[in-house]
Amino acid sequence: MADFFSKLKKGIDKGTAIVSTKSSTMIEVNKLKSEISTTQKVKKETLLELGTKVFTLYQEGTFDIGQVQDLITNIGEADIRVAELETQIAKIQDEEKTKLDEIKAEEPEVKEAVNEAIEEVGEINVQVVEVVEETSDEAKEVVEGIIDTEKDKI
């Protein structure tokens with residue numbers, strides 16, 4: 001039975017490791033997704049600024065690509081940053097999958113321990129039923145003896 005508890009503890013430890021791995025990944029991925037959203041918001045604002053500036057300069061007749069080059073560069077950098085963040089997310093998710101595969105590789109051992117424990121509990125259950133039946137029979141005999149003794153007194 002001690003072996004069962006040892007194996008059960010291993011199973012609980014594995015479950016904890018799985019939860020820890022998944023929650024850690026989720027936190028990191030959500031941070032990166034938040035940064036992606038922020039970067040995309042900045043890109044959208046920069047695109048709006050670029051369009052407004054180009055339109056204004058064109059209306060004034062003073063449009064020159066050099067006047068908006070910084071904005072164009074910022075937009076390109078935002079696209080690169082989003083791609084880098086998405087790559088980091090994919091890497092984190094791959095690492096999570098690897099960790100989970102390692103943790104789950106030991107899973108058959110836990111299932112075996114649980115099956116052994118079920119068998120042990122079944123055997124103990126049979127023994128308990130036998131003892132209860134024997135005790136019940138003995139109790140019936142004692143009660144019947146008391147009833148017979150009391151009938152004789154009457």
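Source: prediction; values computed, not measured.

Colleague: Looking at this structure, I do not really get the overall build of the protein. What am I missing?
Modeller: If you tally the helices and strands in the protein, you get 3 helices and 0 strands. Going from N to C terminus, the protein has its helices and strands arranged as α-α-α. Looking at the protein residue by residue over its 154 residues, the buried ones come to 18%. The long-range share in the protein, meaning contacts at least 24 apart out of those at least 6 apart in sequence, stands at 80%.

Colleague: Help me understand the nonpolar core, please; the structure alone is not making it clear to me.
Modeller: The tendency in soluble globular proteins is for nonpolar side chains to be buried side by side. Counting 7 residues, the largest nonpolar core is built from Val29, Leu32, Ile36, Val82, Leu85, Ile89 and Ile92. Elements with a minimum of two residues in this core: helix H1 (2-60) and helix H2 (69-105). When residues of this core are assigned to their parent elements, the largest contribution, 4 residues, is made by H2. The contact partners of Ile36, leaving out residues within four places of it in the chain, are Val82, Leu85, Glu86 and Ile89.

Colleague: Got a minute to help me understand the side chain of Thr21 in this structure?
Modeller: Position of Thr21 among the secondary structure elements: in helix H1. Judged by its relative accessible area of 12%, Thr21 is buried. Within polar-contact distance, the side chain of Thr21 engages the backbone oxygen of Ala17 at 2.8 Å. Once you skip the residues sitting within four places of it in the chain, Thr21 turns out to touch Glu96, Lys99, Leu100 and Ile103.

Colleague: So what exactly am I meant to see when it comes to a nonpolar patch on the surface here?
Modeller: Together, Tyr58, Phe63, Ile65 and Ile72 give the surface a local cluster of nonpolar side chains, amounting to about 410 Å² of exposed area. Mapped onto the secondary structure, Ile72 falls in helix H2.

Colleague: Just to check I follow, could you spell out the side chain of Thr39 for this structure?
Modeller: Inspection of the secondary structure assignment puts Thr39 in helix H1. Residue Thr39 is classed as buried on the basis of its relative accessible area of 13%. Excluding residues that lie within four positions of it along the chain, Thr39 makes contacts with Ala78, Arg81, Val82 and Leu85.

Colleague: What is the right way to look at the confidence of the model for the protein in this model?
Modeller: Do not read the fine detail of predicted coordinates wherever pLDDT is low. Model confidence for the protein is summarised by a mean pLDDT of 84, while 88% of its residues fall at 70 or above. Per-element confidence in the protein is highest for H2, whose mean pLDDT is 92, and lowest for helix H3 (residues 107-153), whose mean pLDDT is 73.

Colleague: Help me understand H2, please; the structure alone is not making it clear to me.
Modeller: Along an α-helix, a turn takes 3.6 residues, which lines up residues three or four apart on a common side. Taking 1.5 Å as the rise per residue, H2 with 37 residues should run 54 Å; its terminal C-alpha atoms sit 54 Å apart, in good agreement. Among the residues of H2, those classed as buried are Leu71, Ile75, Ala78, Val82, Leu85, Ile89, Ile92, Glu96, Leu100 and Ile103.

Colleague: Quick question: what am I supposed to make of the pattern of salt bridges here?
Modeller: Opposite charge on two side chains makes pairing possible when the charged atoms of those side chains draw close. Applying the stated criterion across every chain yields a total of 5 salt bridges. Here Glu28 and Lys31 are joined by a salt bridge, their closest N and O atoms 3.7 Å apart. Residue Glu28 and its partner Lys31 are both found in helix H1; the two are separated by 3 residues, about one turn of the helix. Exposure remark for Lys31: the relative accessible area of 52% places this residue in the exposed category. The shortest N-O distance in the salt bridge between Asp79 and Lys43 comes to 2.5 Å. Note that Asp79 is positioned in helix H2 and Lys43 in helix H1, a separation of 36 residues in sequence. For Asp79, a relative accessible area of 36% translates into the label partly exposed. Ionic contacts of the salt-bridge type, sharing partners, join the residues Glu35, Arg81 and Glu84 into one network.

Calculation criteria
- Residues numbered from 1 in each chain as written.
- Predicted model: local features only at pLDDT ≥ 70, side-chain atom pairs only at ≥ 80, totals over all residues.
- Heavy atoms only, no water.
- Helix = DSSP H or I, 4+ residues; strand = E, 2+ residues; numbered from the N terminus.
- Buried < 20%, exposed > 50% of the residue type's maximum accessible area, 1.4 Å probe, protein only.
- Contact = heavy atoms within 4.5 Å.
- Core = buried A, V, L, I, M, F, W, Y, C linked by side-chain atoms within 4.5 Å.
- Polar contact = N/O pair within 3.5 Å; in protein donor to acceptor, adjacent residues only side chain to side chain.
- Patch = residues over 30% accessible without salt bridge, like charges linked within 9 Å, V, L, I, M, F, W, Y side chains within 5 Å.
- Areas by Shrake-Rupley, 256 points an atom, 1.4 Å probe, with all protein chains shown as cover.
- Salt bridge = Lys/Arg side-chain N within 4 Å of Asp/Glu carboxyl O.
- pLDDT = per-residue confidence, 0-100.
- Expected span 1.5 Å × (residues − 1).

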